[in-house]
Amino acid sequence: MGFGMGETDRQVVRALAERVAEIAATTAMERRRQEWRRHNALRGERPMLLVYPEGSWSEILPDGALECREERARSIERDLRMRIITAERFATDNVIDADWVVGMALQFTGWGLEPRYRPSTDARGAWAFDPVLHCRDDLRKLRHPEVHHDERATERAIEEAQALLGDLLTVRRVGIAHISFHLMAVYTRLRGLEETMVDMHEQPAMLHEAMEFLTQGHERLIRRYRELNALSLNNDGTYHSSGGIGYTDELPAPGFDPGRVRPSDLWASAEAQELAQVSPRMHAEFALRYERRLLEPFGLNGYGCCEDLTRKLDDVLELPRLRRVSIAPTADLAACAARIGRRCIVSWKPDPSYLVGAFDAEKVRAYVRSGVRAARGCALEIILKDTHTCEGRPERFDVWARVAREVVEEETAA
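This structure is a prediction, so every number in the text was calculated from the model and none was measured.

Please give an account of the packing of helix α8 (residues 204-227) against helix α9 (residues 280-295) that cites residues and values.
Two elements in contact, α8 and α9, have axes whose closest approach is 10 Å; the angle formed by their N-to-C orientations is 20°. The angle between the axes of α8 and α9 places the two elements in the roughly parallel class. The hand of the α8/α9 crossing is right-handed. In contact with Pro-204, Leu-207, His-208, Met-211, Glu-212, Thr-215, Gln-216, His-218 and Glu-219 of α8, α9 contributes Glu-285, Phe-286, Arg-289, Tyr-290, Arg-293 and Leu-294. Across the contact of α8 with α9, the residue classes tally to 6 nonpolar, 4 polar and 5 charged.

Can you explain the sheet that holds strand β14 (residues 345-348)? Please cite residues and give values.
With respect to topology, 7 strands assemble into an open sheet ordered β1-β15-β14-β13-β12-β11-β8, the strand pairing being parallel. Among the strands making up the open sheet, the edge pair consists of β1 (48-51) and β8 (180-181).

Which residues make up the layout of surface pockets, and what values go with them?
Estimated volume of the largest pocket: approximately 770 Å³. Taken together, 25 residues make up the lining of the largest pocket; nearest its centre are Tyr-52, Arg-83, Val-95, Gly-237 and Tyr-239. Where the lining of the largest pocket is concerned, the elements lending two or more residues are α4 (71-89), β2 (99-103) and β7 (170-174). For the lining of the largest pocket, the residue count by class is 14 nonpolar, 5 polar and 6 charged. When its volume is computed, the second largest pocket comes out at roughly 460 Å³. Forming the walls of the second largest pocket are 21 residues, and the residues nearest its centre are Trp-111, Val-186, His-218, Leu-221 and Tyr-225.

Describe the environment of Val-403, naming the residues involved and giving the relevant values.
Positionally, Val-403 belongs in helix α13 (residues 395-413). Judged by its relative accessible area of 1%, Val-403 is buried. Put simply, Val-403 and Met-282 are 121 residues apart on the chain and 40 Å apart in space, counted from C-alpha to C-alpha. Setting aside chain neighbours within four positions, we find Val-403 in contact with Ala-361, Val-364 and Arg-365.

An account of the nonpolar core is requested, with residue identities and associated values reported.
Within soluble globular proteins, side chains that are nonpolar generally end up buried alongside one another. Val-325 and Trp-400 are the most contacted members of the largest nonpolar core, which totals 87 residues. Looking at which element gives the most residues to this core, the answer is α8, with 8 residues. When sequence neighbours within four positions are dropped, the list of residues in contact with Trp-400 reads Leu-49, Val-51, Pro-350, Leu-355, Phe-359, Val-364, Val-368, Ile-382 and Leu-384.

Describe the side chain of Glu-291, and please don't skip the residues or the numbers.
Note on placement: Glu-291 falls in helix α9. Despite its burial, Glu-291 pairs with no opposite charge, the nearest such side chain being Arg-292 at 8.9 Å. Discounting chain neighbours no more than four positions away, the residues touching Glu-291 are Leu-183, Ala-270, Glu-271, Ala-272 and Tyr-303.

Now, about unusual backbone geometry: what can you tell me, with residues and values included?
Note the cis peptide between Leu-251 and Pro-252, where omega equals 0°. Even without glycine at this site, Glu-391 takes up a positive phi of about 55°. By the secondary structure assignment, Glu-391 is in the loop between β15 (379-384) and α13. A relative accessible area of 46% means that Glu-391 is categorised as partly exposed.

Break down the packing of helix α12 (residues 361-374) against α13 for me, with residues and values.
α13 packs onto α12 with a crossing angle of 40° between their chain directions and a minimal axis gap of 9 Å. The angle between the axes of α12 and α13 places the two elements in the oblique class. The chirality of how α12 crosses α13 is right-handed. Along its contact with α12, which presents Ala-361, Val-364, Arg-365, Val-368, Arg-369, Val-372 and Arg-373, the element α13 presents Val-399, Trp-400, Arg-402, Val-403, Ala-404, Glu-406, Val-407, Glu-410 and Glu-411.

Before we move on, could you go through the pattern of salt bridges and cite the residues and values that matter?
Should their charged atoms come close, side chains of opposite charge can pair. Tallied over the entire structure, the rule returns 46 salt bridges. Notably, a salt bridge pairs Arg-46 with Glu-35, separated by 2.9 Å at the nearest N-O pair. With a gap of 11 residues between them, Arg-46 in the loop between α2 (27-40) and β1 and Glu-35 in helix α2 connect regions that are remote in the sequence. Residue classification places Glu-35 among the buried residues on the basis of a relative accessible area of 17%. One salt-bridge network, in which partners are shared between bridges, spans Asp-79, Arg-83, Asp-99, Arg-172 and Asp-236.

I'd like a description of the packing of aromatic side chains, backed by residues and values.
One pass over the structure, following the stated rule, counts 9 aromatic pairs. Judged by centre distance (4.2 Å) and plane angle (50°), the ring pair of Tyr-117 and Trp-127 falls under tilted. Here Tyr-117, found in strand β4 (residues 117-118), pairs with Trp-127, found in the loop between β4 and β5 (128-129); they are 10 residues apart in sequence, far enough to count as distant. A residue is classified by how much of its surface remains accessible, and Trp-127, at 38% relative accessible area, is partly exposed. Here the guanidinium or amino end of Arg-324 rests over the ring plane of Trp-267, the centre of that ring lying 5.3 Å away.

Basis of the calculations
Residues numbered from 1 in each chain as written. Predicted model: local features only at pLDDT ≥ 70, side-chain atom pairs only at ≥ 80, totals over all residues. Heavy atoms only, no water. Axes fitted to C-alpha atoms, helices over the stretch in contact; angles between N-to-C directions. Helix = DSSP H or I, 4+ residues; strand = E, 2+ residues; numbered from the N terminus. Parallel < 35°, antiparallel > 145°, perpendicular 65-115°, else oblique. Left-handed = near helix turned anticlockwise from the far one by under 90°. Contact = heavy atoms within 4.5 Å. Nonpolar A, V, L, I, M, F, W, Y, C, P; charged D, E, K, R; others polar. Pairing = 2+ DSSP bridges. 1 Å grid on protein atoms, 1.4 Å probe; cavity = no way out; pocket = protein on both sides within 12 Å on 5 of 7 lines; lining within 4 Å. Points joined across faces, edges and corners; volume = space filled by probe spheres on them. Buried < 20%, exposed > 50% of the residue type's maximum accessible area, 1.4 Å probe, protein only. Core = buried A, V, L, I, M, F, W, Y, C linked by side-chain atoms within 4.5 Å. Lys, Arg positive; Asp, Glu negative; His and termini not counted. Salt bridge = Lys/Arg side-chain N within 4 Å of Asp/Glu carboxyl O. Phe/Tyr/Trp six-rings, centres within 6.5 Å; stacked < 30°, edge-to-face > 60°. Lys NZ or Arg CZ within 6 Å of the ring centre and 35° of its normal.

And the structure:
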């Protein structure tokens, strides 16, 4: 029967898959796909709107709401129900596609050292760094990651998915499609955040040596992905950068061979959230100079996540084939929009704290309206994410999305 699930679970999953297929085939979804293609080409007619509940999904769709009993079936059920809820409840531009992705069974060896953390006493609290790199000599302990493909495991997973869902959804074999480089995240997990900050001043040579090693390691990974034919197109509904959607007619690049995807056929992105508080000069020196090398081979690129890039845009905008820049809640949206113009997408992440505390729809309306007006004339996308809780009030997402949609429509018509 596939996935080793019983008949009752199988029927639940298949009924949900059928509903997903129905939603994906609607004219509304096809219209959204076309709007994303225009938006990603900087030819959109209005701001685009996305909602990702992320950590709040456990409140929107708690375990008790699932019907399946077997764990694998529950995982599939959760995925399908999340798509249906997004389509039926959120007045956004999220796209629902009639596919089921089977990831290639890729195995990674890591960087030679394992990060250590000091856990929080709070169940959902923040952990603290516990460094494993203490001096420059410790860099010799690092190793470039190796990647191997268990082809039989991949084929077995595809066969199971085809048997369960293949007549309802398009089963797709996908390798590496979301390509995002996080050099500072890798390093600070090994060295520690405070230690990395001090190194910028006290031991810059150590930090440069580490960044060079990590950059070479990622370059090596991309070469290995090509050897394994593990790169997969992401010019579709694939999540891009820190929240966008990849639909575009500009990729793949000319000369594309459907049997072997190249970096030039793909979106990629990079970010350095850990450097949010450092100067533009230090950000450029210790991050952007290395990230530029990694982004160079790719067809279209994004940059940033939750870090404030307001003062760093002069350097960021020099990245190759840049198409999407993340504007964090703490950034000066008006200043960023004025600097970016229509050179690339202004990917605004509004403050998710409006979902907690004394929820006020009119405050949300005023806040979103001020953001839309600040970025008037830009290729703006509004992406609500990093929503770790809605305080057990999932209807707040519905209201937030509806209010934001009304604002977008009103401001577009003005």
